[in-house]
Amino acid sequence: MSIVMLYTSVSHLKGVKKKQEESRLIFHTNRMAIVEIDASQEDNLALRENLFDICKKRYEYPQFFVKVGEKYRYIGDFSTINQMNDSKRLSELSYFFGV
């Protein structure tokens with residue numbers, strides 16, 4: 001089981017870059033490993049489309065998932081992760097998903 005962050009390396013929007021960097025910092029500070037998937041890379045296009053279908057949000061970065069086996073479950077976007085962190089609930093991901 002792992003936490004997956006879908007992000008893009010080609011966004012020119014400062015807000016997107018800031019949210020991605022803050023997300024990395026949040027997980028690092030909480031000593032939680034994440035797997036990063038760059039949605040802009042050709043090798044990841046099929047997975048990106050699959051993850052977009054799961055979260056019902058297209059081209060909004062970053063998005064977070066839990067991967068259990070070969071299946072993905074949607075956690076939320078940056079706001080969800082940030083709120084969980086602010087309320088000291090980020091560790092609940094480990095409880096609910098066994099991460």
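As shown above, the structure is provided for reference.
First things first, this report covers the structure right here in the doc. (Residues numbered from 1 in each chain as written. Predicted model: local features only at pLDDT ≥ 70, side-chain atom pairs only at ≥ 80, totals over all residues. Heavy atoms only, no water.)

### Brief notes about the sheet that holds strand 3 (residues 63-68)
Argument step 1. Taken in spatial order, the 4 strands make up an open sheet running 2-1-3-4, and their pairing is mixed. The strands lining the two open edges of the sheet, one partner per strand, are strand 2 (34-38) and strand 4 (71-77). Neighbour-to-neighbour, the strand axes of this sheet turn through a mean angle of 30 degrees, independent of strand direction.
Argument step 2. Across 5 bridges, the pairing between strand 1 (residues 2-7) and strand 2 is parallel. Note on strand 2: the bridge partner recorded for Val4 is Val35.
Argument step 3. Helix 1 (residues 14-29) rests against strand 1, strand 2 and strand 3 of the sheet, and its axis sits at about 165 degrees to strand 1.
Argument step 4. Across the sheet, helix 2 (residues 45-55) lies against strand 1, strand 2, strand 3 and strand 4, angled at about 60 degrees from strand 4, the strand it touches most. (Pairing = 2+ DSSP bridges. Helix = DSSP H or I, 4+ residues; strand = E, 2+ residues; numbered from the N terminus. Axes fitted to C-alpha atoms, helices over the stretch in contact; angles between N-to-C directions. Contact = heavy atoms within 4.5 Å.)

### Some remarks on helix 2
Helical periodicity: at 3.6 residues per turn, an α-helix aligns residues three or four positions apart in one direction.
Argument step 1. For helix 2, every residue scored as buried is listed here: Arg48, Leu51, Phe52 and Cys55. Along the long axis of helix 2, the arc covered by the buried residues comes to 105 degrees, so they all point the same way. (Buried < 20%, exposed > 50% of the residue type's maximum accessible area, 1.4 Å probe, protein only. Arc of directions from axis to C-beta.)

### A short note on helix 1
Argument step 1. Here helix 1 is 16 residues long and its end C-alpha atoms lie 22 Å apart, about the 22 Å a rise of 1.5 Å per residue gives.
Argument step 2. By the burial criterion, the buried members of helix 1 are Val16, Gln20, Ser23, Ile26 and Phe27. An end-on view of helix 1 places all buried positions within 125 degrees of arc, on one side of the element. More than 90 degrees from the buried face of helix 1, the exposed residues found are Lys14, Lys18, Leu25, His28 and Thr29.
Argument step 3. Phi for Arg31, located one or two positions after helix 1, is positive at around 55 degrees. (Expected span 1.5 Å × (residues − 1).)

### Things to note about the nonpolar core
Argument step 1. Ranked by size, the top nonpolar core spans 14 residues in total, and within it Phe27, Ile75, Ile81, Leu90 and Leu93 carry the most contacts.
Argument step 2. Taken together, the elements giving at least two residues each to this core come down to strand 1, helix 1, strand 3 and helix 3 (78-86).
Argument step 3. Counting 11 residues, the second-largest nonpolar core is a separate cluster that includes Leu6, Ala39, Phe52 and Phe65. (Core = buried A, V, L, I, M, F, W, Y, C linked by side-chain atoms within 4.5 Å.)

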